[in-house]
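# Fold and geometry: a report
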Amino acid sequence: MDVQDLDAFLGKTWESPVFGSSFGELTPERLHAARAQMGQIAHRVTAELTEYITEATPLREQRSVLQIVEKEILKKTIAFCPALTAGEIDDIPRLSDAATAVGLMYWADQTMDRGDVNMHCAVKLLDADPATVAREPLADIRHKHHALMRIKEKVRAFARPEDAALVLDCFYGQVLKNEAVMRDLSIGYQMVGDQSSFLGRHATRIANTLTTNAGFPSVASSLYAVYRHHDAALPPLADVYANKQMTEMLQYCNATVRLWDELGDWSMDTGQDPTKGVFAINLFNQYHPAIIGEFCRLAGIHDRQMQTSLQELFSTFHHSKGAREVNGYQIEGIFLDHIRRYMSESPGELYGTFGRYMTLGKRVLEIGYVNRVGDLALADATEES
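## Digging into unusual backbone geometry
With a phi angle near 55°, Ser16 is a residue other than glycine that sits in the positive phi range. Within the element layout of this structure, Ser16 appears in the loop between helix H1 (3–14) and helix H2 (28–56). Residue Ser16 is classed as buried on the basis of its relative accessible area of 5%. For Ala86, which is not a glycine, the phi torsion comes out positive at approximately 50°. Along the chain, Ala86 falls in the loop between helix H3 (62–80) and helix H4 (92–113). Exposure remark for Ala86: the relative accessible area of 0% places this residue in the buried category.

## Some thoughts on the nonpolar core
Membership of the largest hydrophobic core comes to 123 residues, with the highest contact counts inside it found for Ile151, Leu176 and Met249. Of the residues forming this core, the biggest block, 12 residues, is contributed by H4. Those residues in contact with Leu176, other than ones at most four positions away along the chain, are Met105, Ala108, Asp109, Met112, Val123, Leu126, Leu148, Ile151 and Phe171.

## Here we look at the packing of helix H5 (residues 117–124) against helix H7 (residues 139–158)
Packing of H5 against H7 leaves a shortest axis separation of 8 Å and a crossing angle of 55°. As judged from the angle between their axes, H5 and H7 are oblique. Where H5 crosses over H7, the handedness of that crossing is right-handed. Contact with H5, carried on its side by Asn118, Met119, Cys121, Ala122 and Val123, involves Asp140, Ile141, Lys144, His145 and Leu148 of H7 and no other residues of that element. When the residues that make up the contact of H5 with H7 are grouped by side-chain class, the tally is 6 nonpolar, 2 polar and 2 charged.

## Let's talk about the environment of Cys121
Within the secondary structure layout, Cys121 lies in helix H5. Taking relative accessible area as the criterion, Cys121 reaches 29% and is therefore assigned partly exposed. For the pair Cys121 and Leu223, spaced 102 residues apart in sequence, the C-alpha separation works out to 29 Å.

## Structural notes on the packing of aromatic side chains
Enumeration over the complete set of coordinates arrives at 9 aromatic pairs. On the basis of an interplanar angle of 10° and a centroid distance of 5.5 Å, the ring pair of Tyr189 and Phe279 is categorised as stacked. Taken together, the positions of Tyr189 in helix H8 (residues 161–191) and Phe279 in the loop between helix H13 (244–265) and helix H14 (289–298) put the pair 90 residues apart, joining distant regions of the chain. Of the two residues examined, Tyr189 and Phe279, each falls in the buried class. Judged by centre distance (5.0 Å) and plane angle (75°), the ring pair of Trp260 and Tyr369 falls under edge-to-face. Remark: Tyr369 occurs in helix H17 (residues 348–370) and Trp260 occurs in helix H13; sequence separation between them is 109 residues. Looking at Tyr369, the relative accessible area reads 12%, which means it is buried.

## A word on the state of the cysteines
As enumerated under the stated definition, the model contains 0 disulfides in all. Here Cys81 is not disulfide-linked; the sulfur of Cys170 is the nearest cysteine sulfur, at 12 Å.

## Remarks on helix H10 (residues 203–212)
Every buried residue of H10 is listed here: Ala203, Ile206, Ala207, Thr209, Leu210 and Thr211. Along its buried surface, H10 packs onto H8, helix H9 (195–201), H13 and H14.

## Considerations on the packing of H14 against helix H15 (residues 304–315)
Following both chains from N to C, one finds H14 and H15 inclined at 135°, their axes separated by 10 Å at the closest point. In this view, H14 runs oblique relative to H15, as classed from their interaxial angle. Here H14 and H15 pass one another in a crossing that is right-handed. Across the interface between the two elements, Pro289, Ile292, Gly293 and Cys296 from H14 touch Gln307, Leu310, Gln311 and Phe314 from H15. Taken together, the residues of the contact of H14 with H15 break down into 5 nonpolar, 3 polar and no charged.

The rules we used
Residues numbered from 1 in each chain as written. Predicted model: local features only at pLDDT ≥ 70, side-chain atom pairs only at ≥ 80, totals over all residues. Heavy atoms only, no water. Helix = DSSP H or I, 4+ residues; strand = E, 2+ residues; numbered from the N terminus. Buried < 20%, exposed > 50% of the residue type's maximum accessible area, 1.4 Å probe, protein only. Core = buried A, V, L, I, M, F, W, Y, C linked by side-chain atoms within 4.5 Å. Contact = heavy atoms within 4.5 Å. Axes fitted to C-alpha atoms, helices over the stretch in contact; angles between N-to-C directions. Parallel < 35°, antiparallel > 145°, perpendicular 65-115°, else oblique. Left-handed = near helix turned anticlockwise from the far one by under 90°. Nonpolar A, V, L, I, M, F, W, Y, C, P; charged D, E, K, R; others polar. Phe/Tyr/Trp six-rings, centres within 6.5 Å; stacked < 30°, edge-to-face > 60°. Disulfide = S-S within 2.5 Å.

What is shown is where atoms sit, not what they do.
This is the structure in structure tokens:
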């Protein structure tokens, strides 16, 4: 990846467009140190991802894999993970391990997005015992499964033993397995005659799966696990997940970043260009009032008038190009205002006990907002608006 390309993307993240102050004071000295650190991490992560993905796809030339890593994976991997520390901690090995784990997760997700059946099967084998995997007749599935097991190795390297299982569940249980579920649902949707009825029957599952696999906790909890190596006073992740208000916050933030991601990827998810992505159910493309109603609940949007407005905006999103621009802007704004207000109104004692996690959560929202321009735009250039 071009250094200036990555630098421009990091700059947009550190501008804090959502909260304005989530990264604290970014002095020129701190920014210089942070950029230098990201460069070192990018070098390590590029080498590791290239090695692991080459092993998983032996028929592909290493040069081709390197291009995939640099063009399609590295930017989001660095920006979604170590860049969110903005140079606060000097721990290149653990931050690199966390970034590599995120990169492998994103690679698997992206590969399924492009219709790779073998990756779909490899993800479904994540819970299988080694003997079952060894009996899998297709070597490609075994190779991909082995690459996904590298995530577990990386999590154990950057997380303390008491945190590792919870972090790993974010990668495997929440994101990858639910991505496989969404692939199944998307395939099922295409195969039925009455697609509206299909959406209605599966509305709760679709909304919940889209929310859960958004990946917010994967990044926030991974970073928090690294910070715990540097601050013994930070509560373990078990305390975070045992707190009802914190799990509510995680759900609301997950739904918010999912909304932004869906808006950015609606065109790709139509499947009109299979080289970019096969068909996938998208909130903006497959409108159903039951799905949007459940999604609003998951995002913590309970106001009836606001829900009615969102239903209208989603239902008319594809009426014209102008409607897509205006409605998308308004939907994005509603969710942005809602999560800003929710985070600012969270009880002070929550910030007192879990202040570090809350701050990291805000930063993940920042990058989630930058990500709203869509996977294709992020892969191609830094021309996002």
